[in-house]
Amino acid sequence: EYKGGGTVLQVKQAARMNFKTLRQSLQDPQFTTSDYGKIDRERQLLLGFQALDSFSAQLNGYPRATHEEDHHMILELAQGFNKEIITEDGKIINKPTVDEVDAALMRNLSRVSRAELAPIASVIGSITAQEVMKGVTGKFTPINQHFVFDASEALPDEELSAEEMQGDGGRYDSQILCFGKTVHEKLTNLKYFLVGAGAIGCEVLKNWAMMGVGCGPTGLVHVTDMDTIEKSNLNRQFLFRPSDINKLKSTTAGEKVTDMNPGFKVKTYETRVGSDTEHIFGDDFFDNLHGVCNALDNVQARTYMDQRCVYMQKPLLESGTLGTKGNVQVVIPHLTESYSSSRDPPEKAIPICTLKNFPNAIEHTIQWARDDFEGVFKQAVEDAASYVADEEKFFQTLTSQPTTAKGTVSSVSETIGDARPKNWNDCIAWGRKRFEQLFSNSIKQLLFNFPLDMKTTHGEPFWAGAKRPPTPLEFSPEVPYHMDFVVAAATLRATNLGISIPESGASAKPETIVASFRVESFQPQSGVRISVTEEEEKSAGGGGDDGDDAAIRSMMRSLPAVAKVKDIALSPIEFDKDDEVHMDYVTACSNLRAASYQIKLADKHNTRFIAGKIIPAIATTTSMVCGLTAIELYKLVQNKPVEAYKNGFVNLALPFFGFSEPVLAETRKHKEHVWNLWSRIDVDGQAMTLQGFLDHFQEKYKLEVTMISCGVAMIYSMFSSKETIATRLTMTMADLATNVAKIEVPEGQRYLMFEVCSNDEEGEEVDAPSVRLRVN
């Protein structure tokens, strides 16, 4: 009879799928729809592709763009495939699939059928590759019968002349055939800013190089990425090779695409984007751009670039991937909402009490191991180095952080105190002692505080639900991860303290050293407080009697004299997911804790993935997303109407393809003025006073300004004292920003932004746009 406890595992069941033959599916086609706004075109395009296949089989090639007879033949073939065909014995071998064949669509399909475009190849190639992998692995759901990708809205709205479509025999002939020489020249003379040169950035650069973006006389692509290439990047960032490890991503990617297309002009930077780099990427820089393409992996940078694009009125191509999921968003000045207009909810953080005492998933134990690595091998060593470098400054730091002072002193004492390891054997013993502390003693204390038969105040078992009762581990060299933990911990501690690490065979085996280690008996203590909830954890860290100067001075007396430890070669260690020793420690530490809590273990590969916070990225999704982004660039160059653009949301695993028009920016009205998030009031006000500013609003917009802010400072309020208002009315807006808001205008910044609160003639508040004041 079941009484309680245990765990439930979700097991995915295999599903069997049945498919029609090609002949059956052509007579009664089913589609995995990509764009529900074009669902009526799927059957038309299937007829068109049948016609193209038949044309190619008969004439050994596809229709010529400027030959009307070829287009007419495609239409006739498509109409032929749309007829019912019955054999002599009465068997139906073909059925009509549409009421009437779309002649204009067939002509368009025929005209561009010889073209090969890199963005389309990226989209179709990535979908095909994913389907091949599904067939080989049996993982994920395959496309159900037919799939049609239709991006014909990117083609020119007007018929192109034969001369406009005529190429010169070069690499761009397909592009010229589709879009014409005029659009192609605009593409080559684009000035674009690509932010990020990782997985998406590499694919974007590859597509742009194939399209000729920035290859014209006035074209240029700017690329920035502050990161260097890591080993883990190589499986999805295909411009990089093992020989490129530790090189800058932006520089290396720029070099590789220039090899692909020597005409590609690129300028690379190794600078992050942010308010602190606006002296590099300032107003002049953005003024010279046609647009921005984000290839970022964090919301903060994406939001910043979105705000800059809105401020500078530049289009933004935004995209992202997560495993088999991807999205593309096109942001068009004055028309659409921006990236920041809608936000995903923030990721939920793991509660601290769960990490420290009640883990129930491998992600919890891996994060705990990462935190332990950070605290022991980096933070504690940095604190010790700070103490040795300047004892008084270290004291001042402790007094400014009184709630953590006791823990900091304790960790410094353990790092450089008399009991610290002095040689390799000591390091092994230290690692063995740490095993006992983490996986035996602390567990015994936890079970002492919360016995297995403990009940809550409601009479329910304490160890129930997400709370799993742990088991203290007994060290054994033969058990997996036990010796791994000890050796990795010893290696890291030796690196911290500048102790030489002997080569294999040059000293006693770690197992031998461990065998001679005497484990001190441990008795759980009464009065040890262990937090069960987040509220208890917060209150436990909320202060105490250890924060006054005298108490901190007293604690510091337990530290060794600086003169005794100043020669220790302290070396803090920054966690690196590509360092095998680092991963040995985190993997062993996490799995030992998981074993204690009966959680399924994770191998080093999966641990690296979680501990390194690697964003899942696969080549197929990245390729598709970047192809979709490039298609939107074709539309931007042609200044297409907003209904031609497509935001895309895809999941290659399901598969799901969703394309929709961008959401229009929300508007607001005041008299004859219509404003949205892109609106701003431009004022050429190098000499404009505050009084002139107020008068300008009153005369042009019939608005009474009640407050003005610049940055985070209020520079005007109608509720201020009469003396303050009188003084400021005669000051220029630039002087108010400098002297009141304390804002310095760096070189290259030509504008100051002001936010205003205003009322109309009836005293109702009006949400007016930001004011951009030209000061340089």
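Structural data are supplied above this passage.
Computed from a prediction, not measured in an experiment: that's the story for all the values here.

Novice: Give a description of the overall build of the protein that names residues and reports values.
Specialist: Of the regular secondary structure elements, the protein holds 27 helices and 18 strands. In terms of overall dimensions, the protein has a C-alpha envelope of 95 × 90 × 60 Å along the principal axes. Residue pairs in contact within the protein that sit at least 24 positions apart in sequence constitute 70% of those at least 6 positions apart. Accessible surface, the protein as shown: approximately 39900 Å² in total, 51% of it carbon and sulfur. Distance from the positive charge centre (81 side chains) to the negative charge centre (105 side chains) of the protein: 4 Å.

Novice: Please give an account of the state of the cysteines that cites residues and values.
Specialist: By the definition in use, this model includes zero disulfides. Between Cys 309, a free cysteine, and Cys 293, which holds the nearest cysteine sulfur, the sulfur-to-sulfur gap is 10 Å. Relative accessible area serves as the criterion here: at 1%, Cys 309 is assigned to the buried category. For Cys 427, which is in no disulfide, the shortest distance to another cysteine sulfur is to Cys 589 and amounts to 17 Å.

Novice: Just give me the short version of a negative patch on the surface, but keep the residues and values in it.
Specialist: A surface patch of negative charge is lined by Asp 40, Asp 99, Glu 100 and Asp 102. With respect to the helices and strands, Asp 40 occurs in the loop between helix H1 (22-27) and helix H2 (42-59).

Novice: Account for the pattern of salt bridges, naming residues and giving values.
Specialist: For side chains of opposite charge, pairing can occur when their charged atoms come near one another. Under the counting rule described, the total for this entry stands at 35 salt bridges. Residue Lys 646 is joined to Asp 35 by a salt bridge in which the shortest nitrogen-to-oxygen separation is 3.3 Å. Of this pair, Lys 646 sits in the loop between helix H24 (619-638) and strand S9 (647-651) while Asp 35 is found in the loop between H1 and H2, placing the two residues 611 residues apart along the sequence. Comparing Lys 646 with Asp 35, the two get one shared label, buried. In this structure, Lys 134 and Glu 131 form a salt bridge, with 2.8 Å as the shortest nitrogen-oxygen distance. Of this pair, Lys 134 and Glu 131 both sit in helix H5 (residues 118-137), three residues apart, which is roughly one turn of that helix. Classification of Lys 134 as buried rests on a relative accessible area of 5%. Each of the salt bridges in this network shares a partner with another, and the network as a whole consists of Lys 38, Glu 153, Glu 632 and Lys 635.

Novice: Please set out a nonpolar patch on the surface residue by residue, giving values where relevant.
Specialist: Nonpolar side chains collect at one region of the surface, where Phe 649, Leu 654 and Phe 656 lie side by side and expose about 300 Å² of accessible area between them. Tracing the backbone through its elements, the reader meets Phe 656 in strand S10 (residues 656-660). Phe 656 gets classed as partly exposed once you look at its relative accessible area, which sits at 39%.

Novice: Quick rundown of unusual backbone geometry? Include the residues and the values.
Specialist: Peptide bonds are, in most cases, trans, and in most cases residues other than glycine have a negative phi. At the junction of Leu 654 and Pro 655, the peptide bond is cis and its omega measures out at -10 degrees in the coordinates. Here Pro 655 lies in the loop between S9 and S10. Located in the positive-phi region is Gln 313, a residue other than glycine, with phi close to 60 degrees. Examined against the element boundaries, Gln 313 turns out to sit in the loop between helix H11 (299-312) and strand S7 (316-322). For Gln 313, a relative accessible area of 17% corresponds to the buried category. For His 334, which is not glycine, the phi torsion reads 75 degrees and is therefore positive. Topologically, His 334 is positioned in the loop between strand S8 (325-331) and helix H12 (352-356). Overall, the relative accessible area of 47% leaves His 334 in the partly exposed class.

Novice: Quick rundown of the sheet that holds strand S4 (residues 220-224)? Include the residues and the values.
Specialist: Two orientations exist for strands paired in a sheet by backbone hydrogen bonds: parallel and antiparallel. Read from one edge to the other, the open sheet built from eight strands follows the order S5-S4-S3-S6-S7-S8-S9-S10, with strand pairing classed as mixed. At either end of the open sheet lies a strand with only one pairing partner, and these are strand S5 (266-269) and S10. Here the average twist between neighbouring strands, direction ignored, is 10 degrees. As judged from the four bridges shared by S8 and S9, these two strands associate in the antiparallel manner.

Novice: Requested: an account of the pairing of S8, with residues and values cited.
Specialist: A large share of S8 lies buried, amounting to five of its seven residues. Note that S7 and S8 share seven bridges and pair antiparallel. Along S8, the bridge assignment pairs Glu 318 with Gln 329. Here S7 folds back onto S8 in antiparallel fashion, the turn holding two residues, of which Gly 323 has a positive phi close to 65 degrees.

Novice: An account of H11 is needed here, citing residue identities and associated values.
Specialist: In this model, H11 (14 residues) spans 20 Å end to end at C-alpha, consistent with the 20 Å of a helix rising 1.5 Å per residue. Among the residues of H11, those classed as buried are Ala 301, Arg 302, Thr 303, Tyr 304, Met 305, Asp 306, Arg 308, Cys 309, Val 310, Tyr 311 and Met 312. The N-cap residue of H11 is Asn 298: its side-chain oxygen and the backbone nitrogen of Gln 300 are 3.4 Å apart. Directly beyond the C-terminal end of H11, a positive phi value near 60 degrees is found at Gln 313.

Thresholds applied
- Residues numbered from 1 in each chain as written.
- Predicted model: local features only at pLDDT ≥ 70, side-chain atom pairs only at ≥ 80, totals over all residues.
- Heavy atoms only, no water.
- Helix = DSSP H or I, 4+ residues; strand = E, 2+ residues; numbered from the N terminus.
- Contact = heavy atoms within 4.5 Å.
- Areas by Shrake-Rupley, 256 points an atom, 1.4 Å probe, with all protein chains shown as cover.
- Lys, Arg positive; Asp, Glu negative; His and termini not counted.
- Charge placed at Lys NZ, Arg CZ, Asp CG, Glu CD.
- Disulfide = S-S within 2.5 Å.
- Buried < 20%, exposed > 50% of the residue type's maximum accessible area, 1.4 Å probe, protein only.
- Patch = residues over 30% accessible without salt bridge, like charges linked within 9 Å, V, L, I, M, F, W, Y side chains within 5 Å.
- Salt bridge = Lys/Arg side-chain N within 4 Å of Asp/Glu carboxyl O.
- Pairing = 2+ DSSP bridges.
- Axes fitted to C-alpha atoms, helices over the stretch in contact; angles between N-to-C directions.
- Expected span 1.5 Å × (residues − 1).
- Polar contact = N/O pair within 3.5 Å; in protein donor to acceptor, adjacent residues only side chain to side chain.

Shape is all these values report; function is a separate question.
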